[in-house]
Amino acid sequence: WKLATIGDANVILGNLPEARRWYDRAVVKAPMAVADIARIRQEARFKLQAMGLPADSVDAALPVPRIAAFTGHMVDSPGRVPERFPERKVSAVSDAIDAWLTRRQVAFGFASAARGGDLLFLKGLLERGGDARCYLPFPRTTFRETSVGDAWSGRFDQIMAKVSPNLMARNAPAEDARPDAYLACSLRLQEDAIAFAKSLDEEPILLAVWNGQPGDGRGGTADAIKEWQRS
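This section reports on the structure supplied with the text. (Residues numbered from 1 in each chain as written. Predicted model: local features only at pLDDT ≥ 70, side-chain atom pairs only at ≥ 80, totals over all residues. Heavy atoms only, no water.)

### Re the sheet that holds strand S5 (residues 205-209)
Judged by pairing direction, the sheet is parallel, and its five strands sit side by side in the order S4-S3-S2-S1-S5 without closing on themselves. Each edge of the sheet is formed by a strand with only one pairing partner; in this case those strands are strand S4 (166-167) and S5. Two elements, strand S1 (residues 66-72) and S5, share five bridges in a ladder whose sense is parallel. Bridge pairing links Gly-72 to Val-209 in S5. Relative to strand S2 (residues 106-111), helix H5 (residues 117-127) is tilted by about 155°, and along the sheet it contacts S1, S2, strand S3 (131-136) and S5. (Pairing = 2+ DSSP bridges. Helix = DSSP H or I, 4+ residues; strand = E, 2+ residues; numbered from the N terminus. Contact = heavy atoms within 4.5 Å. Axes fitted to C-alpha atoms, helices over the stretch in contact; angles between N-to-C directions.)

This is the structure in structure tokens:
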């Protein structure tokens with residue numbers, strides 16, 4: 001805080017190169033104090049704006065990781081017609097997700113854990129040392145049956161061993177009510193991503209693995225994207 005305060009003083013003096021130098025030193029002292037760094041950056045932006053200077057003039061010296069929510073298709077069940085996300089595309093989609101996370105410098109991610117896009121996103125985030133926030137619409141055992149399946153159970157278990165999922169309901173709903181449960185889960189993780197980003201004075205981003213078409217029914221990827229755009 002002493003180092004950051006000297007940075008603040010230099011902002012007020014209009015000496016932005018010196019302000020950046022002191023902010024750099026502050027961040028080196030506590031690089032994982034993301035909330036504190038975000039607050040320092042927020043205060044600096046306020047001062048700069050009040051002085052008629054670009055609000056982002058010292059942002060580079062006060063890096064705050066990006067926050068992303070995820071939604072995406074499950075890998076197709078065997079024999080699905082027409083194909084949407086066939087197993088043969090898993091490797092390419094996984095590589096694309098990893099590249100996106102790196103390019104966007106995402107460190108905080110919010111997602112469910114269905115086979116396909118969800119698990120690939122969580123895996124990619126965890127492998128780069130990110131903070132994964134996982135959400136399940138109902139208990140793990142039922143979710144495994146409805147949304148994971150035998151072929152992806154190993155990947156699911158690996159992710160569950162590394163996260164503490166937020167459970168939206170203690171009991172699994174009837175089958176006809178599950179689409180609403182999936183949508184409620186998507187909305188909750190989106191709301192939490194938005195609120196967390198706001199606390200860091202950041203804009204959250206949404207990554208979607210989507211074929212661009214309406215879903216098979218309520219509660220799918222298309223609905224999640226529509227709700228994100230609406231909010």
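Here the narrative resumes, following the displayed structure.
### Concerning the packing of aromatic side chains
What characterises a pair of aromatic rings is the spacing of the ring centres plus the angle enclosed by the ring planes. The full count for this structure, using the stated rule, is seven aromatic pairs. Seen in terms of ring centroids, Phe-110 and Phe-196 are 6.1 Å apart; in terms of plane orientation they differ by 50°. Their pairing is tilted. With Phe-110 in strand S2 and Phe-196 in helix H8 (residues 178-199), this residue pair connects regions lying 86 residues apart in the sequence. Connected via pairs of aromatic rings, a cluster forms that spans Phe-108, Phe-110, Tyr-135 and Phe-196. Over the face of the ring belonging to Phe-196 we find Arg-133, whose NZ or CZ atom lies 4.8 Å from the ring centre. The ring of Trp-152 carries the charged tip of Arg-155 above its face, separated from the ring centre by 4.0 Å. (Phe/Tyr/Trp six-rings, centres within 6.5 Å; stacked < 30°, edge-to-face > 60°. Lys NZ or Arg CZ within 6 Å of the ring centre and 35° of its normal.)

### Quick word on unusual backbone geometry
Of note, the bond from Val-81 into Pro-82 is cis; its omega dihedral lies within 30 degrees of zero at -5°. As for its placement among the helices and strands, Pro-82 is situated in the loop between S1 and helix H4 (90-104). The phi dihedral of Gln-105 is positive, around 55°, even though this residue is not glycine. As for its position among the elements, Gln-105 is in the loop between H4 and S2. In this structure Gln-105 comes out as exposed when scored by relative accessible area, which is 58%. (Buried < 20%, exposed > 50% of the residue type's maximum accessible area, 1.4 Å probe, protein only.)

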